[in-house]
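# Reading the structure
What follows is each chain in one-letter form.
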Amino acid sequence: MVLNEEQQLLNDTISDFLDEHAPTEALRALRDNPDAPAWSEPLWQQLCEMGVPAVAQPESEGGLGFGWLGLGAVLKQMGRRLSVTPLLSSVVFAGGVVRRCGSDSQRKQWLSNLMDGSLIATVAFQDTKHFNPLPSLRETEDGRLSGDKYLVMGASKAELLLVTALRQDGRLGIAVLPATSAGVAISEEMLFDGNRYATVSLTGVAVDETQWLAGEDVGAGFAAALDDATLGLCAEMMGGARELLDRTVTYLSEREQFGVKIGSFQALQHRCAQAYCQLELADSALLGALQKIDRGEPNLSDAVSRAKALVGDVYEHISNEAVQLHGGMGVTDEMDIGLFLKRSRVCNQLFGDSHWHRDRFATLRGF
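Residues numbered from 1 in each chain as written. Predicted model: local features only at pLDDT ≥ 70, side-chain atom pairs only at ≥ 80, totals over all residues. Heavy atoms only, no water.

Moving on, we get to the overall build of the chain. Each helix and strand counted, the chain has 11 helices and 8 strands in total. By the burial criterion, 55% of the 367 residues in the chain qualify as buried. Counted over contacts in the chain with a minimum sequence separation of 6, partners at least 24 positions apart contribute 73%. Surface accessibility of the chain: about 16,400 Å² in total, with carbon and sulfur atoms responsible for 52%. One finds the centroid of the 32 positive side-chain charges in the chain at a distance of 4 Å from the centroid of its 49 negative side-chain charges. (Helix = DSSP H or I, 4+ residues; strand = E, 2+ residues; numbered from the N terminus. Buried < 20%, exposed > 50% of the residue type's maximum accessible area, 1.4 Å probe, protein only. Contact = heavy atoms within 4.5 Å. Areas by Shrake-Rupley, 256 points an atom, 1.4 Å probe, with all protein chains shown as cover. Lys, Arg positive; Asp, Glu negative; His and termini not counted. Charge placed at Lys NZ, Arg CZ, Asp CG, Glu CD.)

Next up on the list: helix 3 (residues 41-49). Every α-helix carries 3.6 residues per turn, so stepping three or four residues along brings you back to the same face. Every buried residue belonging to helix 3 is among Leu43, Trp44, Leu47 and Cys48, and all of these are buried. For helix 3, the angular spread of buried residues about the axis comes to 135°, placing them on one side. The exposed set on the far side of helix 3, more than 90 degrees from its buried face, consists of Pro42 and Glu49. Those residues of helix 3 that are buried lie in contact with helix 1 (5-21), helix 4 (67-81) and helix 5 (87-101). Two residues or fewer past helix 3, Gly51 is found with a positive phi of approximately 85°. (Arc of directions from axis to C-beta.)

Okay, the pattern of salt bridges next. Note on pairing: side chains with opposite charge can pair once their charged atoms come close. The final tally for this structure, using the stated rule, is 28 salt bridges. A salt bridge links Asp104 to Arg107; the nearest nitrogen and oxygen atoms lie 2.2 Å apart. With Asp104 and Arg107 both in helix 6 (residues 104-115) and 3 residues apart, this pair spans about one turn of that helix. For Asp104, a relative accessible area of 59% translates into the label exposed. With a relative accessible area of 26%, Arg107 lands in the partly exposed category. Of the charged contacts, one joins Asp127 and Lys149 as a salt bridge, the two residues approaching to 2.4 Å between their closest N and O atoms. (Salt bridge = Lys/Arg side-chain N within 4 Å of Asp/Glu carboxyl O.)

Turning next to the pairing of strand 1 (residues 121-124). The side-chain alternation of strand 1 yields two buried faces, one formed by Ala121 and Val123 and the other by Thr122 and Ala124. Alignment of strand 1 against strand 3 (residues 160-166), held across 4 bridges, turns out to be parallel. Across the sheet, Ala121 pairs through a bridge with Leu160, a residue of strand 3. (Pairing = 2+ DSSP bridges.)

With that out of the way, let us pick up the pairing of strand 5 (residues 184-190). Pairing of strand 5 with strand 6 (residues 196-206) involves 7 bridges; the strand directions are antiparallel. Note on strand 6: the bridge partner recorded for Glu188 is Ala198. As consecutive antiparallel partners, strand 5 and strand 6 are separated by 5 residues, and within that stretch Gly194 has a phi angle of approximately 85°, a positive value.

The subject of this paragraph is the layout of surface pockets. In this model, the largest pocket occupies a volume close to 650 Å³. Taken together, 29 residues make up the lining of the largest pocket; nearest its centre are Trp68, Arg99, Arg100, Asp228 and Ile293. Of all elements in the fold, only helix 4, helix 5, helix 7 (218-254), helix 8 (266-294) and helix 9 (301-325) reach the threshold of two or more residues within the lining of the largest pocket. Residues belonging to the lining of the largest pocket are distributed by class as follows: 17 nonpolar, 5 polar and 7 charged. (1 Å grid on protein atoms, 1.4 Å probe; cavity = no way out; pocket = protein on both sides within 12 Å on 5 of 7 lines; lining within 4 Å. Points joined across faces, edges and corners; volume = space filled by probe spheres on them. Nonpolar A, V, L, I, M, F, W, Y, C, P; charged D, E, K, R; others polar.)

So yeah, pure geometry; function would need other evidence.
So this is what it looks like as structure tokens:
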């Protein structure tokens, strides 16, 4: 479960690029400017020119053919720098929904533009502020939608909203709505991780039949796309957790107390060793799930839940340890450690927390 030579080259290239163009300070600049957009448009354009949105797409479809292991490497590097881009929300999640749930004509209409980054879309699927993949929003008899969708990523800059709802016959449906549609209101707010999320309010929004994704099994397709997005988020989280541990080990090897490097204290070494073991276990679960996608294996949900539960736990644990081992400085805004801790808390809630995924894993395994 290691990267091949080409995937490693991609990893190194993205790492060097993000070091120069999107260090952690870029998140602070977006966070501290209330008038700033959800992400840097010049940065996204540069990533698109490098072909990043098409990393996992097969070469036969115009992509770069690095597979999901390659995409995971890119998202890990972004997680190490807390980079803010629409790669996860628009390319991985919205693109996955269109690919898995749309008809041939709908995929032809939207997918290529989503995959090259020229079209920005997002998925509005949570009907409550707590994670639940099943919508309660229902299409009315006259074909309209009214209700709220919460924690929608990148909605303020999205051109298309992919809105989940129950059709009149009770089946899951996904409506593709222009963000400027009559009756659509987008209210954006910043959570404490410095990223912007939105509440999308629908008031009597008329949905033509042609606006509903028309794949053979929309319900199964959406569940698979959500699993794909969850693994993408796991990769970002894993990058953040590894960056935290690396920074903490470096700090312990440099910080002196009473003339002694505190990294020489055995108790602190034990804590770092335990965190490292947990990190490697979670990373193995993530890489195993990404490999299963590349091999085309079906029924990935248990592997996805295993990865999300383990990665969520280790990101939270290492962020706690990093703050404590840095002492009081760890929670000051001058240091980046607190930024990673805040990001870990938000990521653990997105797409289901560790408890939710443990329950799903147990259910899928027949417990």
